[in-house]
Amino acid sequence: MYSGDVNLTLAFFLTLSCKRTDVYNYREKYFGREGSNHAILALNNDDILALNNDDFSQEVSVWIVGSSLIRNAFVHARSRTGGVNLGLHRIGVKIWWQGYGGMGIKDLESTIKRLMKYEKVPKYLVLHIAGNDLGKTKLGFLRNEIKTTLEKVQSYLPNSSIVWSQILPRTNWRHSISQDSMMACRIRINSAIASFVLKNGGHYIKYPDILPNSTFLKEDGVHLTDLGNDIFLNNLQGALEMFICSGSYTYPDTFGTSMCIS
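1. A short note on the environment of asparagine 229
(1) Moving on: Relative to the assigned elements, asparagine 229 resides in helix H8 (residues 226-246).
(2) Moving on: Its relative accessible area of 5% is what places asparagine 229 among the buried residues.
(3) Moving on: Put simply, asparagine 229 and leucine 69 are 160 residues apart on the chain and 8.7 Å apart in space, counted from C-alpha to C-alpha.
(4) Moving on: In contact with asparagine 229, not counting residues within four places along its chain, are Asn72, Ala73, His76 and Leu224.

2. Focus: helix H7 (residues 179-199)
(1) Moving on: An ideal rise of 1.5 Å per residue puts 30 Å on 21 residues; H7 measures up with 30 Å between its terminal C-alpha atoms.
(2) Moving on: Next to the buried residues of H7 lie helix H6 (139-156), strand S6 (161-165), strand S7 (203-205) and strand S8 (250-251).
(3) Moving on: Note on H7: the residue one or two positions beyond its end, glycine 201, has a positive phi of about 85°.

3. Thoughts on the confidence of the model for the chain
(1) Moving on: Per-chain confidence: the chain averages 81 in pLDDT, with 75% of residues scoring 70 or above.
(2) Moving on: Taken as a whole, residues 1-17 scores under 50 in pLDDT and shows 17 contacts with residues more than four places along the chain or in a different chain.
(3) Moving on: Low pLDDT (under 50) marks residues 19-56, which in the prediction has 77 contacts with non-local residues, meaning those over four places away or in another chain.

4. Overview of unusual backbone geometry
(1) Moving on: Note that the residue after tyrosine 251, namely proline 252, is joined by a cis bond; omega there is -5°.
(2) Moving on: For proline 252, the location among the structural elements is in the segment after S8.
(3) Moving on: Even without being glycine, leucine 86 reaches a positive phi, approximately 55°.
(4) Moving on: The residue leucine 86 is located in the loop between helix H4 (68-77) and strand S4 (93-99) in this model.
(5) Moving on: According to the relative accessible area criterion, leucine 86 is buried, its value standing at 2%.
(6) Moving on: For alanine 130, which is not a glycine, the phi torsion comes out positive at approximately 90°.
(7) Moving on: Structurally, the position occupied by alanine 130 is in the loop between strand S5 (124-128) and H6.

5. Structural notes on the packing of aromatic side chains
(1) Moving on: For the structure on display, the rule yields 3 aromatic pairs.
(2) Moving on: Plain terms: the ring middles of phenylalanine 74 and tryptophan 97 are 6.1 Å apart, the flat faces sit at 50° to each other, and that makes the pair tilted. In this pair, phenylalanine 74 sits in helix H4 while tryptophan 97 sits in strand S4, placing the two residues 23 residues apart along the sequence.
(3) Moving on: For phenylalanine 74, a relative accessible area of 28% corresponds to the partly exposed category.
(4) Moving on: With a centroid separation of 4.8 Å and 25° between ring planes, the pair formed by tyrosine 207 and phenylalanine 232 is classed as stacked. Of this pair, tyrosine 207 sits in the loop between S7 and H8 while phenylalanine 232 sits in helix H8, placing them 25 residues apart in sequence. Taken as a pair, tyrosine 207 and phenylalanine 232 share a single burial class, namely buried.

Calculation criteria
- Residues numbered from 1 in each chain as written.
- Predicted model: local features only at pLDDT ≥ 70, side-chain atom pairs only at ≥ 80, totals over all residues.
- Heavy atoms only, no water.
- Helix = DSSP H or I, 4+ residues; strand = E, 2+ residues; numbered from the N terminus.
- Buried < 20%, exposed > 50% of the residue type's maximum accessible area, 1.4 Å probe, protein only.
- Contact = heavy atoms within 4.5 Å.
- Expected span 1.5 Å × (residues − 1).
- pLDDT = per-residue confidence, 0-100.
- Phe/Tyr/Trp six-rings, centres within 6.5 Å; stacked < 30°, edge-to-face > 60°.

Put into structure tokens, the structure is as follows:
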């Protein structure tokens, strides 16, 4: 079986598993006529799966909140096939992007409160944050600050699933010139917060293909190149689809059910 066949088989499985859960075809005004009456997934020339939207019950709202990395990812997504909803409109997903330059963990609580005034409560809240905080305070203090803030956010959004989006590697950190020390801190914070989020019923997205070099990072050593953004968006797309359709907790996750945080 070729890799393309594997991808089509996976897409077929995910669409079937989503058919009678909590997804539906999003409104015609956003996605055109083909999205308003049927969700069409072409598997090959002879096999087309059409799902009547009577089988779907509700929209899946997703907020993606974070620093300028999220803002830049949103801009990049606008030029890609699938657009800002990452092609997930076929399973009823609507994504609301909120990226703020320099955002740190201290800004998260007030940001969430503000967003709640303008948009419906999300089913999934993806948080890509704290990279700007590494090295600013002692690691233990930062870990506890993140956990406390996430608990507050969860209390505001009790019916939302928090998704911890892994802090990415950098070659330039705001508060330290020691690359090795900061990379070690990044790994420890990601591991601790991922464990905390997973134990509380949330999810975890990893980016193992994004490495700290010029292929994936711009000259500033922080923001992503076009290729880096493509990989970042691909992982977001794959993760959300797996979380919604297969009950997975982490992505990438070979088996779809384990809670591995490595």
